[in-house]
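Next come the chains, spelled out residue by residue.
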Amino acid sequence: MTPTTSHDRPTPRVLVIGASGNTGRRISERLAASGVLVRAATRSRQAPEGAAEQVRFDWSDASTHGPALQGVDRMYLIAPAAVEDPDSIMLPFIDEALARGVRRVVLLSSSAIPEGAPGLGTVHQALRERAPEWTVLQPSWFMQNLLGTHHLHGKSLEEHGTVTTATGDGRVGFVDVLDIAEVAARALADAQPHDTAHHLTGPEALSYDDIASILTRATGQPKRHVRVSRDDSARLMVEGGIPERYAALLARMEDAIAHGAEARLTPTVERVTGRPPRSFQALVRASLQR
Ligand SMILES: NC(=O)c1ccc[n+]([C@@H]2O[C@H](COP(=O)([O-])OP(=O)(O)OC[C@H]3O[C@@H](n4cnc5c(N)ncnc54)[C@H](OP(=O)(O)O)[C@@H]3O)[C@@H](O)[C@H]2O)c1
């Protein structure tokens, strides 16, 4: 039976794929805090705080898909990690979800992937055409790539004081993952579906040189952007453990950044959440205080 709130409006049950990751963990916490029933899907790691339920979910194990969808109304989707053509895995799952009664789907895509493009762009198009209620999030690059050690850039900055890219002087509207999570939580929980693609950026477009300067000032330790060619960037990513074809895709995106593809800013975070997006400087300051 669908649980209800005290106002007798059914409380949605939201399946969160990637619930232990950057966005999924923050979305789960945000939804749980606002009283939404969160079913956290992970392969092994612990469920985020506040999740009502946890299920094992593995994109590469179809036997985990049906049980994860049981009784679910809405879901947050991220692609299987480091796969160049995730649509072949995601589209059958989406069809199964819609057939089982899922009404609303919120997909994490990327500012660099237009609707209809191979991979996530194809998933984007399918959702717009098939899902009764849908939102596609198209964030720019995550600020969190540059902090901590879970991403190659953050790890390199921490261990060697360098970030190596083929982006040249190109600027990026880096966005805080917390702002993405806030928009996603609204898209999942709002009474009215958003039924649109949200292009999400932070408040300023920064080059990797700017990033290095901000980190140098904030930490008091020298940080530097090392410029390399697209091929060298792809090679370094592969050496860092990224699969070859996915590394080639990321390196092509860096080249596009060098040519201005990510320099734009959007007002979407503030329009959806009612508050301006956090700057990189403010995020760094907050992370150093923790
Ligand atoms: N980084 C950026 O700058 C950026 C910018 C725009 C868009 N994006 C998009 O963001 C997405 C990544 O999102 P994120 O940062 O929130 O995730 P993340 O932190 O990279 O975490 C990946 C999550 O997926 C789960 N996972 C990995 N392989 C899985 C599998 N085979 N089956 C089921 N779950 C699996 C992992 O959990 P378990 O290991 O517990 O299962 C983890 O929770 C990518 O699609 C990327 O294209 C990234």
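Remember, predicted model here, so these are calculated numbers, not experimental data.

> Got a minute to help me understand the nonpolar core in this structure?
The tendency in soluble globular proteins is for nonpolar side chains to be buried as a group. Ranked by size, the top nonpolar core spans 48 residues in total, and within it Leu15, Met75, Leu77, Phe93, Phe174 and Phe280 carry the most contacts. At six residues, the largest contribution of residues to this core is made by helix α3 (residues 87–99). Each of domain 1 (13–139) and domain 2 (140–176 + 201–263 + 275–290) gives at least three residues to this core. Those residues within four positions of Phe93 in sequence are excluded, and the remaining contacts are Leu15, Ile17, Phe57, Trp59, His65, Leu69, Met75 and Leu77. Counting 26 residues, the second largest nonpolar core, distinct from the first, contains Val14, Leu31, Val183 and Leu200.

> Looking at this structure, I do not really get the pattern of salt bridges. What am I missing?
Charged atoms that come close allow side chains of opposite charge to pair. Taken as a whole and assessed by the stated rule, the structure comprises 20 salt bridges. The partner of Arg56 in a salt bridge is Asp61, with the nearest N and O atoms 2.9 Å apart. For Asp255, the salt bridge is made with Arg230, and the minimal N-O distance between the two is 3.6 Å. On the criterion of sequence distance, the pair formed by Asp255 in helix α9 (residues 244–258) and Arg230 in helix α8 (residues 230–239) is long-range, its members being 25 residues apart.

> Please clarify how the site of the ligand should be interpreted in this entry.
In the region of the ligand, 22 residues are neighbours, and Asn22, Thr23, Arg43, Phe142 and Asn145 sit closest. In the model, an oxygen atom of the ligand is placed 3.3 Å from a nitrogen or oxygen of the Gly18 main chain. Within the side chain of Asn145, one N or O atom sits 2.8 Å away from an oxygen atom of the ligand. When the ligand is considered free in solution it has 920 Å² of accessible area, and contact with the protein chains removes 83% of it. Two domains each provide a minimum of three residues to the shell around the ligand, namely domain 1 (13–139) and domain 2 (140–176 + 201–263 + 275–290).

Cut-off values and rules
- Residues numbered from 1 in each chain as written.
- Predicted model: local features only at pLDDT ≥ 70, side-chain atom pairs only at ≥ 80, totals over all residues.
- Heavy atoms only, no water.
- Core = buried A, V, L, I, M, F, W, Y, C linked by side-chain atoms within 4.5 Å.
- Buried < 20%, exposed > 50% of the residue type's maximum accessible area, 1.4 Å probe, protein only.
- Helix = DSSP H or I, 4+ residues; strand = E, 2+ residues; numbered from the N terminus.
- Domains from an automatic or database assignment.
- Contact = heavy atoms within 4.5 Å.
- Salt bridge = Lys/Arg side-chain N within 4 Å of Asp/Glu carboxyl O.
- Near = heavy atom within 4 Å.
- Polar contact = N/O pair within 3.5 Å; in protein donor to acceptor, adjacent residues only side chain to side chain.
- Areas by Shrake-Rupley, 256 points an atom, 1.4 Å probe, with all protein chains shown as cover.

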